[in-house]
Amino acid sequence: MREHKGIKLALIFTMYGYIILFLLVPLLFIFTKALEQGVAVYLAAILDEEARSAIRLTLLVTAITVPLNTLFGISAAWAITKFDFKGKQLLLSLIELPFAVSPVIAGLMFILFFSPSGVLGTVITDFGLRIIFSVPGIVLATMFVTLPFVARELIPVMEAQGRAEEEAAISLGANGFQMFKRVTLPAIKWGLLYGVILCSARAVGEFGAVSIVSGRIRGMTNTMPLHIEILYNEYQFAAAFAVASLMSLLAVITLFIKVWIEHRTHTSTR
Amino acid sequence: MTIEIQNISKKYGNFQALHDINLHIPSGELVALLGPSGSGKTTLLRMIAGLESVEDGIILVDNENVASLHINQRDVGFVFQHYALFKHLTVFDNIAFGLQVRPKHKRPSAQTIAAKVDELLALVKLEGFAKRYPAQLSGGQRQRVALARALAVEPKILLLDEPFGALDAKVRKELRRWLRKLHNDIHVTTLFVTHDQEEALDVADRIVIMNKGKVEQVGAPAEVYESPVSPFVYDFLGNVNLFRGRVIDGQFSFSNQAETTNEAVGYVRPHHIKIEREKTSDAVISATITFIHTIGPIWHIEMRRDDDTYIEVELNKEEFLLLNLQVGENVYVSPKEMKVFIPEDFSI
Ligand SMILES: Nc1ncnc2c1ncn2[C@@H]1O[C@H](COP(=O)(O)OP(=O)(O)O)[C@@H](O)[C@H]1O
Ligand SMILES: [Mg+2]
């Protein structure tokens with residue numbers, strides 16, 4: 001392909017230029033903007049009571065949704081790849097649904113369902129529960145949006161692994177748990193970790209669906225992205241960017257873990 | 001340990017994979033399950049292992065109903081077609097697996113397990129390979145690890161699905177001889193699946209020939225080879241020439257045109273055909289030699305009959321040199337041995 005060398009170089013330069021311009025520069029801009037008015041302002045923004053509450057809520061929501069969706073992802077991937085059943089294709093498409101639906105619509109869907117005037121609203125208020133404009137609603141919306149990540153990573157990995165190794169384990173006397181721990185898990189662990197990382201990143205950063213169901217009660221139902229938006233709308237740019245820089249840092253760490261996992265899967269596929 | 005299979009049928013949706021299988025496998029035998037691809041061999045083997053549910057019929061291993069035992073308590077050693085070694089475990093851990101997953105009170109100590117693994121590694125001639133991963137082994141070595149892993153749990157019976165299927169011809173031959181020898185030493189009842197008749201004839205004490213989910217014939221290798229009970233078995237167990245004809249008063253005679261009554265087909269192995277230059281009787285067939293080639297000590301002669309069907313003959317060196325045949329020559333052939341089947345029982 002010697003004659004295409006020029007094209008190759010041009011493409012590579014364009015790609016890097018594009019990434020630098022649209023990804024790296026804005027990212028750096030976030031950090032410079034955050035520190036524009038000095039470290040004291042930066043720290044104050046992060047340590048502010050409302051900011052801390054938003055961080056706590058985001059971590060709480062992530063801590064609930066990620067394990068649940070991981071469990072769901074493993075079960076779904078297992079069922080889809082290891083068993084034959086009717087409606088398998090349908091299940092596959094349903095798992096992808098949250099990717100196809102805009103998060104805003106997902107949020108509205110929950111409002112429609114759980115708000116006091118909604119379909120299940122009366123039942124819920126009778127039980128004295130609050131879902132909309134409170135933490136359960138935020139958890140539900142985040143779960144919906146992040147549902148596909150783990151399953152999508154695992155399905156191809158489990159498909160490639162097939163059933164034979166697991167059947168071998170069972171025929172050698174292993175019980176279901178031993179089989180999972182000693183045979184299934186080692187084969188899927190990198191794919192699983194990758195899915196969990198992506199799922200967490202999205203759970204932390206989810207804005208659209210959460211902004212609809214949360215009601216943005218300060219100090220109570222504000223997550224980090226919502227808090228940033230509020231600060232921004234109130235022209236507290238330095239504070240907004242300070243919290244944003246914290247989230248960006250999280251994203252960068254995620255990216256590094258992801259690269260590391262990819263490197264590991266590469267070297268461990270003997 | 002005997003294996004007793006009674007009235008086993010298996011359906012996948014609307015597809016009948018096995019039809020009413022009855023089979024008795026005596027203790028300590030090495031039995032081949034032989035049949036073309038898709039004949040249901042793997043299905044039957046998996047049902048015996050408990051990897052496939054039994055809905056119709058009964059399978060008894062050592063007089064115990066397989067269906068009533070939990071899958072991981074059946075004491076069956078199963079070697080998978082593509083070995084299914086645990087990729088992320090070393091050879092040592094692969095072989096030790098079955099012992100390590102035992103419940104605490106039945107689990108041997110770490111030293112006992114290590115000793116057992118060493119013993120098995122010696123048995124399968126893989127001393128020094130304990131620390132390797134499956135990907136660092138050749139096909140034949142993986143096959144032997146799979147066997148050692150299955151043997152580690154001291155199974156009552158050993159089931160092997162196309163154990164040599166993925167290996168090249170030379171390794172295949174070596175390994176099957178080795179399996180025969182191993183079986184003579186350890187004597188565990190063994191059932192192995194193959195679609196290669198040579199392999200079955202070479203190693204097995206007994207051959208079960210399957211076709212379309214049914215058992216066609218069961219017998220010792222010589223028995224099934226010498227007296228096939230059906231055209232299918234005849235055809236499957238080696239090359240064969242078909243001669244159309246008719247049976248009158250119990251006597252077969254050749255005829256060229258399709259018969260409307262008493263139609264029959266004579267099956268003749270290539271080495272059971274006599275070639276002559278002169279027409280000695282009416283019961284010979286005229287043919288022209290079209291091709292001669294030799295593989296090792298055997299000469300293969302291909303000839304065309306007047307009705308454009310082909311006959312394949314095999315001669316040994318002496319026979320060939322005596323006749324000194326040339327391509328294009330006209331000769332007369334007659335069967336030295338023939339098996340006649342009436343088309344009604346055709347199941348090809
Ligand atoms: N899980 C399954 N679902 C549907 N059909 C199957 C399944 N397993 C096997 N079959 C069918 O049953 C028949 C016998 O298969 P198998 O036992 O694997 O044959 P063999 O091992 O003799 O090649 C084949 O036609 C195959 O397509
Ligand atoms: Mg098979």
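For clarity, every value in this text was computed on a predicted model and none was experimentally measured. (Residues numbered from 1 in each chain as written. Chains lettered and ligands numbered in written order. Predicted model: local features only at pLDDT ≥ 70, side-chain atom pairs only at ≥ 80, totals over all residues. Heavy atoms only, no water.)

A.B. asks: Break down the overall build of chain A for me, with residues and values.
C.D. replies: In terms of helices and strands, chain A carries 13 helices and 0 strands. Dimensions of chain A along its principal axes, counting C-alpha atoms only, are 70 × 65 × 30 Å. Taken over 270 residues, chain A has a buried fraction of 40%. Partitioning the intrachain contacts of chain A with sequence separation of at least 6 by distance along the chain shows that 72% fall at a separation of at least 24. Distance between charge centroids for chain A: 7 Å, based on 21 positive and 17 negative side chains. (Helix = DSSP H or I, 4+ residues; strand = E, 2+ residues; numbered from the N terminus. Buried < 20%, exposed > 50% of the residue type's maximum accessible area, 1.4 Å probe, protein only. Contact = heavy atoms within 4.5 Å. Lys, Arg positive; Asp, Glu negative; His and termini not counted. Charge placed at Lys NZ, Arg CZ, Asp CG, Glu CD.)

A.B. asks: Provide a residue-level description of the overall build of chain B, including the pertinent values.
C.D. replies: Regarding its fold elements, chain B presents 9 helices and 19 strands. Overall size of chain B, expressed as C-alpha extent along the three principal axes, is 80 × 45 × 30 Å. Nonlocal contacts in chain B, meaning residues at least 24 apart in sequence, comprise 65% of its contacts between residues at least 6 apart. Of the roughly 16,600 Å² of accessible surface on chain B, a fraction of 49% belongs to carbon and sulfur atoms. Measuring between centres, the 39 positive side-chain charges of chain B sit 9 Å from its 46 negative side-chain charges. (Areas by Shrake-Rupley, 256 points an atom, 1.4 Å probe, with all protein chains shown as cover.)

A.B. asks: Describe the UniProt feature "domain: ABC transporter" (unreviewed entry) in chain B, naming the residues involved and giving the relevant values.
C.D. replies: Those residues carrying the UniProt feature "domain: ABC transporter" (unreviewed entry) are residues 3–237 of chain B in this numbering. Counting secondary structure, residues 3–237 of chain B comes out at 36% helix and 26% strand; the distance between its end C-alpha atoms is 25 Å. (UniProt positions renumbered as here; feature names shortened; annotations may be inferred.)

A.B. asks: Go over the environment of Tyr232 of chain A, please, and point to the residues and values.
C.D. replies: Relative to the elements of secondary structure, Tyr232 of chain A occurs in helix α12 (residues 224–233). Excluding residues that lie within four positions of it along the chain, Tyr232 of chain A makes contacts with Phe237 and Ala240 of chain A.

A.B. asks: Could you give an account of the site of ligand 1, naming the residues involved and the relevant values?
C.D. replies: All names here are of chain B. Every residue near ligand 1 is listed here: Tyr12, Phe15, Ala17, Pro36, Ser37, Gly38, Ser39, Gly40, Lys41, Thr42 and Thr43. For ligand 1, an oxygen atom lies 3.1 Å from a polar atom in the backbone of Ser39. Residue Lys41 places a side-chain N or O atom 2.9 Å away from an oxygen atom belonging to ligand 1. Bound to the protein, ligand 1 loses 61% of the 560 Å² it would expose on its own. (Near = heavy atom within 4 Å. Polar contact = N/O pair within 3.5 Å; in protein donor to acceptor, adjacent residues only side chain to side chain.)

A.B. asks: Which residues make up the domain arrangement of chain B, and what values go with them?
C.D. replies: Residues and elements named next belong to chain B. In terms of domains, chain B is made up of domain 1 (3–230) and domain 2 (269–341). For domain 1 versus domain 2, the separation of C-alpha centres amounts to 42 Å. If you look at the interface, domain 1 gives 4 residues, while domain 2 gives 4 residues. Here domain 1 meets domain 2 over a buried area of about 370 Å², counting both sides, of which 53% is carbon and sulfur. When residues of domain 1 are sorted by the area they lose upon contact with domain 2, Tyr225, Pro228 and Ser230 head the list and together hold 76% of the total. Seen at the junction of domain 1 and domain 2, the total is 1 residue pair in polar contact (both at pLDDT 80 or more). Its residues placed into classes, the side of domain 1 that touches domain 2 shows 3 nonpolar, 1 polar and no charged. (Domains from an automatic or database assignment. Buried area = accessible area lost by both parts, 1.4 Å probe. Nonpolar A, V, L, I, M, F, W, Y, C, P; charged D, E, K, R; others polar.)

A.B. asks: Outline the sheet that holds strand β12 (residues 251–254) of chain B, supporting the account with residue identities and numerical values.
C.D. replies: Residues and elements named next belong to chain B. Reading across the sheet, the 4 strands line up as β12-β11-β13-β19 and stay open at both edges, with antiparallel pairing between neighbours. Sheet topology places β12 and β19 (339–341) at the edges, where each strand pairs with a single neighbour. Strand-to-strand twist of the sheet, defined as the mean angle between neighbouring strand axes without regard to direction, takes the value 40°. In the sheet, strand β13 (residues 263–268) pairs with β19 via 3 bridges, with the strands oriented antiparallel. When the bridges of β19 are listed, Gly266 appears paired with Val340. (Pairing = 2+ DSSP bridges. Axes fitted to C-alpha atoms, helices over the stretch in contact; angles between N-to-C directions.)

A.B. asks: Provide a residue-level description of the side chain of Ser171 of chain A, including the pertinent values.
C.D. replies: With respect to the helices, strands and loops of the structure, Ser171 of chain A is situated in helix α9 (residues 164–171). Only 3.0 Å separates the side chain of Ser171 of chain A from the backbone oxygen of Ala168 of chain A, close enough to count as a polar contact. Leaving out residues up to four positions away in the same chain, Ser171 of chain A has contacts with Val76, Phe78 and Phe80 of chain B.

A.B. asks: Could you give me a rundown of the interface of chain A and chain B, with the residues and numbers involved?
C.D. replies: Where the parts come together, the accessible area they lose is often given as the size of the interface. Taken together, the 16 residues of chain A in the interface contact 21 residues of chain B. Along the contact surface separating chain A from chain B lie 2 salt bridges. As a salt-bridge pair, Glu165 of chain A and Lys87 of chain B come within 2.4 Å of each other at their nearest N and O atoms. Those elements giving two or more residues to the side of chain A that touches chain B turn out to be α9 and α10 (176–205) of chain A. Of all the elements, α9 of chain A adds the most residues to the side of chain A that touches chain B, at 7 residues. (Salt bridge = Lys/Arg side-chain N within 4 Å of Asp/Glu carboxyl O.)

A.B. asks: Break down unusual backbone geometry for me, citing the residues and quoting the values.
C.D. replies: The phi torsion at Arg216 of chain A lies on the positive side, around 50°, for a residue other than glycine. Locating Arg216 of chain A in the fold gives a position in the loop between α11 (208–214) and α12. Given a relative accessible area of 28%, Arg216 of chain A falls into the partly exposed group. Its identity as a non-glycine residue notwithstanding, Asn324 of chain B has a phi of 50°, on the positive side. Residue classification places Asn324 of chain B among the partly exposed residues on the basis of a relative accessible area of 46%.

A.B. asks: So, the nonpolar core: which residues are in play, and what are the values?
C.D. replies: Judged by nonpolar contacts, the single largest core of 59 residues is most densely connected at Ile5, Leu44, Ile48, Phe97 and Leu159 of chain B. Examining the composition of this core, we find that 8 residues originate from one element, α10 of chain A, more than from any other. In this structure Leu159 of chain B touches Leu45, Ile48, Ala49, Val76, Gly77, Phe78, Val79 and Leu191 of chain B, once residues within four positions along its chain are discounted. In terms of nonpolar packing, the next biggest core, distinct from the first, is built from 46 residues, Ala32, Val79, Leu160 and Ile207 of chain B among them. (Core = buried A, V, L, I, M, F, W, Y, C linked by side-chain atoms within 4.5 Å.)

A.B. asks: Which residues make up the pairing of strand β1 (residues 3–12) of chain B, and what values go with them?
C.D. replies: All names here are of chain B. The sheet contact formed by β1 and strand β4 (residues 56–61) spans 5 bridges and is antiparallel. Bridging across to β4, Ile5 finds its partner in Ile59. Where β1 meets strand β2 (residues 15–25), 7 bridges bridge the pair, whose relative direction is antiparallel. Residue pairing for β2: Ile8 is matched across the bridge by Ile21.

A.B. asks: Go over α12 of chain A with me, naming the residues and quoting the values.
C.D. replies: All names here are of chain A. In terms of burial, α12 is largely enclosed, as 7 of its 10 residues are buried. Those residues of α12 not exposed but buried are Met224, Pro225, Leu226, His227, Ile228, Ile230 and Leu231. Directly after α12, the chain includes Tyr235, whose backbone phi takes a positive value near 65°.

A.B. asks: Go over the sheet that holds strand β14 (residues 273–276) of chain B, please, and point to the residues and values.
C.D. replies: Residues and elements named next belong to chain B. The strand order across the open sheet formed by 5 strands is β14-β18-β15-β16-β17, and the pairing between neighbours is antiparallel. On the outer flanks of this sheet lie β14 and β17 (310–316), each paired with one strand and no other. Averaged over all pairs of adjacent strands, the angle between their axes in this sheet comes to 45°, without regard to strand direction. In the sheet, strand β16 (residues 298–305) pairs with β17 via 7 bridges, with the strands oriented antiparallel. Bridged to Trp299 within β17 is Leu315.

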